[in-house]
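Remarks on the overall topology
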Amino acid sequence: QAQLEESGGGLVQAGGSLRLSCAGSGRTFSTYVMGWFRQAPGKEREFVAGISARGGQIYYEDSVKGRATISRDNTKNTVYLQMNSLKPEDTAVYYCVARAGTIIKTVALYPYWGQGTQVTVSS
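Another aspect to go through is the pairing of strand β1 (residues 3-7). Only one face of β1 is covered, namely the face carrying Leu4 and Glu6; the face carrying Gln3, Glu5 and Ser7 is uncovered. Summarising the sheet, β1 and strand β3 (residues 18-25) pair through 5 bridges and their orientation is antiparallel. Within β3, the residue paired with Glu5 across the bridge is Ala23.

This is the structure in structure tokens:
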């Protein structure tokens, strides 16, 4: 079982950058696919990025490609999401997720979720 805790959210102006971190607990962290979802007000949760257990596979949602970088440090049980050139439409609560297996974009198939961190981008 994994417990996840996000940090790094906040208020930033459009065009700015943020780095989100997600600290995981448990000896199996390094075996899990890790990812980030986000949920904007009035919208469904959507996949943002995912990274395989050893970091060899990475996927991004089209809306963040070229602006986001997901990475992980298994020695620190931490996954990161670097977001650059932020836009007001990036405003959302960002959730760290984990699952065994492969990277997928389906919300319901991620059993482990953090509490979320708010990212607000002002125009």
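What follows picks up the thread again.
Right, let's talk about the pattern of salt bridges for a bit. Following the criterion strictly, the structure yields 5 salt bridges and no others. Residue Glu61 pairs with Lys105 through a salt bridge whose shortest N-O separation is 3.9 Å. One end of the pair, Glu61, is in the loop between β6 (58-60) and β7 (68-73); the other, Lys105, is in the loop between β9 (92-99) and β10 (112-113), and 44 residues separate them in sequence. For Asp90, the salt bridge identified is with Arg67, shortest N-O distance 2.7 Å. You can see Asp90 sitting in the loop between β8 (78-83) and β9 and its partner Arg67 sitting in the loop between β6 and β7, a full 23 residues away along the chain.

Here the structure, examined in full by the defined rule, presents 1 disulfide. Covalently, Cys22 is tied to Cys96 through a disulfide, its sulfur atoms 2.0 Å apart. The disulfide joining Cys22 to Cys96 has a torsion of about -80 degrees about its S-S bond and is therefore left-handed. Of this pair, Cys22 sits in strand β3 while Cys96 sits in strand β9, and the two are 74 residues apart along the sequence. Of the two residues, Cys22 and Cys96, both sit in the buried class.

Turning next to the nonpolar core. Among the nonpolar cores identified, the biggest contains 28 residues, and Met34, Trp36, Ile70, Val79, Leu81 and Tyr94 are the most heavily contacted of them. Apart from residues no more than four positions distant in its own chain, Ile70 is found in contact with Met34, Gly35, Trp36, Ala49, Gly50, Ile51, Ile58, Tyr60, Val79, Tyr80 and Leu81.

Take the environment of Ser85 next. On the secondary structure map, Ser85 appears in the loop between β8 and β9. For Ser85, a relative accessible area of 41% gives the class partly exposed. Discounting residues that sit within four places of it in the chain, Ser85 has contacts with Gly15, Gly16, Ser17, Arg67 and Asp90.

Only one face of strand β11 (residues 117-122) is covered, namely the face carrying Thr117, Val119 and Val121; the face carrying Gln118, Thr120 and Ser122 is uncovered. Two elements, β9 and β11, share 3 bridges in a ladder whose sense is antiparallel. Residue Val93 lies in a different strand from β11, and its bridge partner there is Gln118.

One pass over the structure, following the stated rule, counts 5 aromatic pairs. When the ring of Tyr32 is compared with that of Tyr112, the centres are 5.5 Å apart and the planes differ by 45 degrees; the resulting orientation is tilted. Of this pair, Tyr32 sits in the loop between β3 and β4 (33-39) while Tyr112 is found in strand β10, placing the two residues 80 residues apart along the sequence. Between the aromatic rings of Phe37 and Phe47, the centroid separation amounts to 5.6 Å while the plane-to-plane angle is 80 degrees, which identifies the pairing as edge-to-face. Of this pair, Phe37 sits in strand β4 while Phe47 sits in strand β5 (residues 46-51), and the two are 10 residues apart along the sequence. Across the pair, exposure class does not vary: Phe37 and Phe47 are buried alike. Connected via pairs of aromatic rings, a cluster forms that spans Phe37, Phe47, Tyr95, Tyr110 and Trp113. In this arrangement the basic side chain of Arg45 is found over the ring face of Tyr95, its NZ or CZ atom lying 3.9 Å from the centre.

Conventions used here
- Residues numbered from 1 in each chain as written.
- Predicted model: local features only at pLDDT ≥ 70, side-chain atom pairs only at ≥ 80, totals over all residues.
- Heavy atoms only, no water.
- Buried < 20%, exposed > 50% of the residue type's maximum accessible area, 1.4 Å probe, protein only.
- Helix = DSSP H or I, 4+ residues; strand = E, 2+ residues; numbered from the N terminus.
- Pairing = 2+ DSSP bridges.
- Salt bridge = Lys/Arg side-chain N within 4 Å of Asp/Glu carboxyl O.
- Disulfide = S-S within 2.5 Å.
- Core = buried A, V, L, I, M, F, W, Y, C linked by side-chain atoms within 4.5 Å.
- Contact = heavy atoms within 4.5 Å.
- Phe/Tyr/Trp six-rings, centres within 6.5 Å; stacked < 30°, edge-to-face > 60°.
- Lys NZ or Arg CZ within 6 Å of the ring centre and 35° of its normal.

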